[in-house]
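Take a look at the letters that make up each chain.
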Amino acid sequence: MKPEEPISPVHKSLVVNEAALKAVFRNCSDILFRPLHVNGNVQNLLIYLDGFTSTSLMEQAIIPSLAALRADLYGNKGSAVDVALNQAELSSFKQIFCLNEASEAILEGKTVILVNGWEHALLADINEYKQRTVDEPSNETTIRGPKEGFTEVLRTNTSMIRRKIKSPSLKFEPFRIGTTTNTQIVLAYVEGNVSNEVLQEVKNRIGRIKTDRIFDASYIEEYIEDYPFSLFPQILNTERPDTVAASLMEGKVAILVDGSPNALVVPMTFWSGFQSAEDHYERFLYVTAVRFIRLMLFVISMLLPSLYVALTTFHPQMIPLNLMMSIAASREGIPFPTVVETFLMELMFEGLREAGLRLPKAVGSAVSIVGALVIGEAAVQAGFISAPIVMIVAGTGIASFSFPRYSMSLPFRLIRFPLLLAGGIFGVYGVAMGVVMILIHLVTLKSFGVPYLKPVAPSTGNMVKDTLVRMHKRFVKKNPG
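This structure is a prediction, so every number in the text was calculated from the model and none was measured.

Draft legend 1. View of the overall build of the protein chain. Of regular secondary structure, the protein chain possesses 15 helices and 12 strands. In the protein chain, 67% of the contacts between residues at least 6 apart in sequence involve partners at least 24 apart. In the form shown here, the protein chain has an accessible surface area of approximately 24400 Å², with 61% of it arising from carbon and sulfur atoms.

Here is the structure:
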């Protein structure tokens, strides 16, 4: 949190106030000081951030209103000031009495008006800065459901959530983080649904953040997560307002950061990473089938290469005879052991995937697809790689694309390599020991005090209805919290 600064009251002299603010904003060429003359003397001063303020509104509303102030009311106090405000149609503007508050308002894009002889300043909110339009999130597309995603403007994001939850129980609690960036963040929760212990824990962790910069929600994620050295994400990030609204109704807390199109949702469970926003828009039978398919593909993406290496290297008797003979024939003349060629192909596949993401969209997909086909076919023809390995790696890659959330696919892309080495060294026993260690780690993980595998382990009975399966809405009497 930003430490409190000493209070500098607004002086009745315009020259003193101007000098104080110019000292604060020295060498800041984007902070404009615009004087307004009355009877040849400077009586008003407008201070605003260039590029954040609507100059048309300033010319049409603020300046004519200030010009309407009678010269004999300058320097008066008490009721005379109120009369002047009403006569100039400025009574709706906020009055501030502290220069520190004025400087913070200017940096937020608001316009500060100083009047000579008044021991307070006026604050006008006429922001007009460039912002991205509300579009569909590129990483969380759906066929059915809303097509809107968060932008980089905090108030736009909170308004999209408010439009979905029209209740005074929805709270947006503001905070400031970053001693230099002074970034505004908002905690969103539904009062009465959220656990007080979880809410207080989130506030405490945010309060303990000591940094000079916050540029994105990912900065906060690293500060407040329970196990920073765990591969598994413990905080859900999303660009969809409907996902945040549904999570708030389930008793979770959302963190929105000014300048970030991603919202953080806590606590997160393992099963949240396998649920898509579309799951609650499609019919429940289809969603249930798709969820089981996702879990099956998740097992394939994690274990298929390591099991293939373990079985073909140490346990060929567990493979049907005809299949084993076909695999042995394809491996004739291959110079590398199975574990080495599988490891090399996995590295090549991950490299092509990263190249496709970093290159421009026009050529990224072509490079990843054509590169995989050309390199795979050339390696088989040259006798460096056997054909079954190409099929195993391709099947594993396709299965890894089934994860609805990108952050959940990352840990299994990394876990695949140590499991592959364990299978190549110890066989099926090594793979089994690796899986047991992963399960032990998942069972011990917690996200803000909530077990990571909840509601499956520990089981909470009725709440499983919207985890492994998606029951019909009429049978789910209560939102899983």
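Draft legend 2. Region of interest: empty space enclosed by the protein. What the rule picks out here adds up to one cavity of 30 Å³ or more. Of the pockets and cavities examined, the largest cavity occupies roughly 60 Å³. Lining the largest cavity, in full, are Trp 271, Phe 274, Gln 275, Arg 291, Arg 294, Leu 295, Thr 467 and Leu 468.

Draft legend 3. Seen up close, the packing of aromatic side chains. By the definition in use, this model includes 15 aromatic pairs. Ring geometry for Phe 232 against Tyr 452: centres 6.5 Å apart, planes inclined by 65 degrees, an arrangement best described as edge-to-face. Placement of Phe 232 in the loop between helix 7 (217–224) and strand 8 (236–238) and of Tyr 452 in the segment after strand 12 (450–451) is noted, with a sequence separation of 220 residues between them. Pair check on accessibility: Phe 232 and Tyr 452 agree, each one buried. Judged by centre distance (4.7 Å) and plane angle (70 degrees), the ring pair of Phe 298 and Phe 412 falls under edge-to-face. Pair noted here: Phe 298 is in helix 9 (residues 284–314) and Phe 412 is in helix 14 (residues 406–426), with a separation of 114 residues, a long-range link. We classify Phe 412 as buried; its relative accessible area is 1%. Through a chain of ring-to-ring contacts, three or more aromatic side chains come together here, namely Phe 232, Phe 270, Trp 271, Phe 274, Phe 298, Phe 403, Phe 412 and Tyr 452. One cation-aromatic arrangement involves Lys 22 over Phe 33; the distance from NZ or CZ to the ring centre is 5.4 Å. Here the basic side chain of Arg 205 rests over the ring of Phe 448, its NZ or CZ set 4.1 Å away from the ring centre.

Draft legend 4. Representation of the side chain of Ser 402 within the structure. Among the structural elements, Ser 402 can be located in the loop between helix 13 (387–400) and helix 14. When residues no more than four places from it in sequence are discounted, the contact partners of Ser 402 are Arg 294 and Leu 297.

Draft legend 5. Quick look at the nonpolar core. Phe 232, Leu 248, Phe 270 and Phe 412 are the most contacted members of the largest nonpolar core, which has 38 residues in total. Counting residues per element, the ones that place at least two in this core are helix 5 (154–164), strand 7 (183–190), helix 8 (241–249), strand 9 (253–257), strand 10 (263–266), helix 9, helix 14 and helix 15 (428–444). Top element by residues in this core is helix 9. It accounts for five residues. Apart from residues no more than four positions distant in its own chain, Phe 412 is found in contact with Phe 232, Phe 270, Phe 274, Phe 298, Met 302 and Phe 403. Residues Leu 187, Ile 235, Val 257 and Val 266 belong to the second largest nonpolar core, which totals 22 residues.

Draft legend 6. Structural view of the pattern of salt bridges. On inspection of all chains with the given rule, the structure shows 23 salt bridges. Measuring nitrogen to oxygen at the nearest pair gives 3.3 Å for the salt bridge that ties Glu 350 to Arg 416. Linking Glu 350 in helix 11 (residues 338–358) with Arg 416 in helix 14, this pair joins segments that are 66 residues apart in sequence. For the pair Glu 350 and Arg 416, a shared accessibility class is recorded, and that class is buried. Taken together, the shared-partner salt bridges in this structure form one network comprising Glu 346, Glu 350, Arg 353, Arg 413 and Arg 416.

Draft legend 7. Main features of the pairing of strand 9. Among the five residues in strand 9, five count as buried, and that is most of the element. Neither face of strand 9 is left uncovered, since the one carrying Val 253, Ile 255 and Val 257 and the one carrying Ala 254 and Leu 256 both have all their residues buried. Relative to strand 9, strand 7 runs antiparallel, the two sharing four bridges. Among the inter-strand pairings, Ala 188 is bridged to a residue of strand 9, identified as Ala 254.

Draft legend 8. Structural context of the confidence of the model for the protein chain. Here the protein chain averages 83 in pLDDT, while 87% of its residues score no lower than 70. Taken as a whole, residues 1–6 scores under 50 in pLDDT and shows 12 contacts with residues more than four places along the chain or in a different chain.

Draft legend 9. Fine view of the sheet that holds strand 9. Read across the sheet, five strands follow the order 6-7-9-10-8 without closing on themselves; strand pairing throughout is antiparallel. Edge positions in the sheet fall to strand 6 (170–177) and strand 8, since each has one partner strand and no second. Between one strand axis and the next, the sheet turns through 25 degrees on average, direction left out of account. In this structure, strand 9 lies alongside strand 10, joined through three bridges in antiparallel fashion. Among the inter-strand pairings, Val 253 is bridged to a residue of strand 10, identified as Val 266. Contacts from helix 6 (residues 196–207) reach strand 6, strand 7, strand 9 and strand 10 within the one sheet, and its direction differs from that of strand 7 by about 175 degrees.

Basis of the calculations
- Residues numbered from 1 in each chain as written.
- Predicted model: local features only at pLDDT ≥ 70, side-chain atom pairs only at ≥ 80, totals over all residues.
- Heavy atoms only, no water.
- Helix = DSSP H or I, 4+ residues; strand = E, 2+ residues; numbered from the N terminus.
- Contact = heavy atoms within 4.5 Å.
- Areas by Shrake-Rupley, 256 points an atom, 1.4 Å probe, with all protein chains shown as cover.
- 1 Å grid on protein atoms, 1.4 Å probe; cavity = no way out; pocket = protein on both sides within 12 Å on 5 of 7 lines; lining within 4 Å.
- Points joined across faces, edges and corners; volume = space filled by probe spheres on them.
- Phe/Tyr/Trp six-rings, centres within 6.5 Å; stacked < 30°, edge-to-face > 60°.
- Buried < 20%, exposed > 50% of the residue type's maximum accessible area, 1.4 Å probe, protein only.
- Lys NZ or Arg CZ within 6 Å of the ring centre and 35° of its normal.
- Core = buried A, V, L, I, M, F, W, Y, C linked by side-chain atoms within 4.5 Å.
- Salt bridge = Lys/Arg side-chain N within 4 Å of Asp/Glu carboxyl O.
- Pairing = 2+ DSSP bridges.
- pLDDT = per-residue confidence, 0-100.
- Axes fitted to C-alpha atoms, helices over the stretch in contact; angles between N-to-C directions.

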